[in-house]
Amino acid sequence: EGLAALLPCFWVYMHVGKCMLKLREELGDSVQRPPQFDAWIDMYGGAGFEKEVMEYIAIVNGYCQTADGETLERMQEHFILCCKLEHMFWDQAAAKMKWPSELDL
């Protein structure tokens with residue numbers, strides 16, 4: 001079940017990395033970025049990370065083939081919940097959400 005819960009994170013990072021790689025190629029040197037940004041894009045947008053994610057997907061799919069119905073249902077529930085959490089994480093970044101102060105807690 002844990003394998004299914006972790007999959008959305010890897011998959012989303014691969015997708016975002018590939019999108020950022022494409023954008024970087026389109027923009028070229030017209031935009032300055034800190035070296036750390038390029039390192040992030042290279043890592044998550046690169047073929048090596050994609051290979052690892054595809055291998056992880058194959059592992060999860062393999063477990064799905066042998067899991068009983070109850071386990072498979074829980075795997076699906078975890079996967080969907082974690083997809084939602086990934087969406088919330090990236091949405092908060094896009095919205096530039098501020099961390100609540102201690103007074104707001």
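All of the points below concern the structure found in this document. For clarity, every value in this text was computed on a predicted model and none was experimentally measured. (Residues numbered from 1 in each chain as written. Predicted model: local features only at pLDDT ≥ 70, side-chain atom pairs only at ≥ 80, totals over all residues. Heavy atoms only, no water.)

## Some details on a nonpolar patch on the surface
For step 1, the next point in the chain: A cluster of nonpolar side chains, contributed by Met20, Leu23, Leu27 and Val31, occupies part of the molecular surface with about 280 Å² of accessible area.
For step 2, the next point in the chain: Within the element layout of this structure, Leu23 appears in helix 1 (residues 2-27).
For step 3, the next point in the chain: For Leu23, a relative accessible area of 37% puts it in the partly exposed group. (Patch = residues over 30% accessible without salt bridge, like charges linked within 9 Å, V, L, I, M, F, W, Y side chains within 5 Å. Areas by Shrake-Rupley, 256 points an atom, 1.4 Å probe, with all protein chains shown as cover. Salt bridge = Lys/Arg side-chain N within 4 Å of Asp/Glu carboxyl O. Helix = DSSP H or I, 4+ residues; strand = E, 2+ residues; numbered from the N terminus. Buried < 20%, exposed > 50% of the residue type's maximum accessible area, 1.4 Å probe, protein only.)

## Considerations on the state of the cysteines
For step 1, the next point in the chain: Within the structure shown, the criterion is met by zero disulfides.
For step 2, the next point in the chain: Cys64 carries a free sulfur, and the closest cysteine sulfur to it, the one in Cys83, is 13 Å from it.
For step 3, the next point in the chain: On the accessibility criterion, Cys64 (22% relative accessible area) is partly exposed. (Disulfide = S-S within 2.5 Å.)

## Quick word on helix 1
For step 1, the next point in the chain: The terminal C-alpha atoms of helix 1 lie 38 Å apart, and with 26 residues this matches the ideal 38 Å at 1.5 Å per residue to within 8%.
For step 2, the next point in the chain: Within the sequence span of helix 1, burial applies to Ala4, Leu7, Pro8, Tyr13, Met14, Val16, Gly17 and Arg24.
For step 3, the next point in the chain: In this structure, the buried residues of helix 1 make contact with helix 2 (35-45), helix 3 (47-66) and helix 4 (69-94).
For step 4, the next point in the chain: Gly28 sits one or two positions beyond helix 1 and adopts a positive phi of about 55°. (Expected span 1.5 Å × (residues − 1). Contact = heavy atoms within 4.5 Å.)

## Focus on helix 3
For step 1, the next point in the chain: Taking 1.5 Å per residue as the helical rise, helix 3 with its 20 residues ought to reach 28 Å, and the 29 Å between its terminal C-alpha atoms agrees with that figure.
For step 2, the next point in the chain: Among the residues of helix 3, those classed as buried are Phe49, Val53, Tyr56, Ile57 and Val60. Angular distribution of buried residues about the axis of helix 3 spans 105°; they occupy a single face of the element. Seen from the buried face of helix 3, the exposed residues on the opposite side, beyond 90 degrees, are Ala47, Lys51, Gln65 and Thr66.
For step 3, the next point in the chain: Each element contacted by the buried residues of helix 3 is listed here: helix 1, helix 2 and helix 4. (Arc of directions from axis to C-beta.)

Structural measurements only, silent on function.
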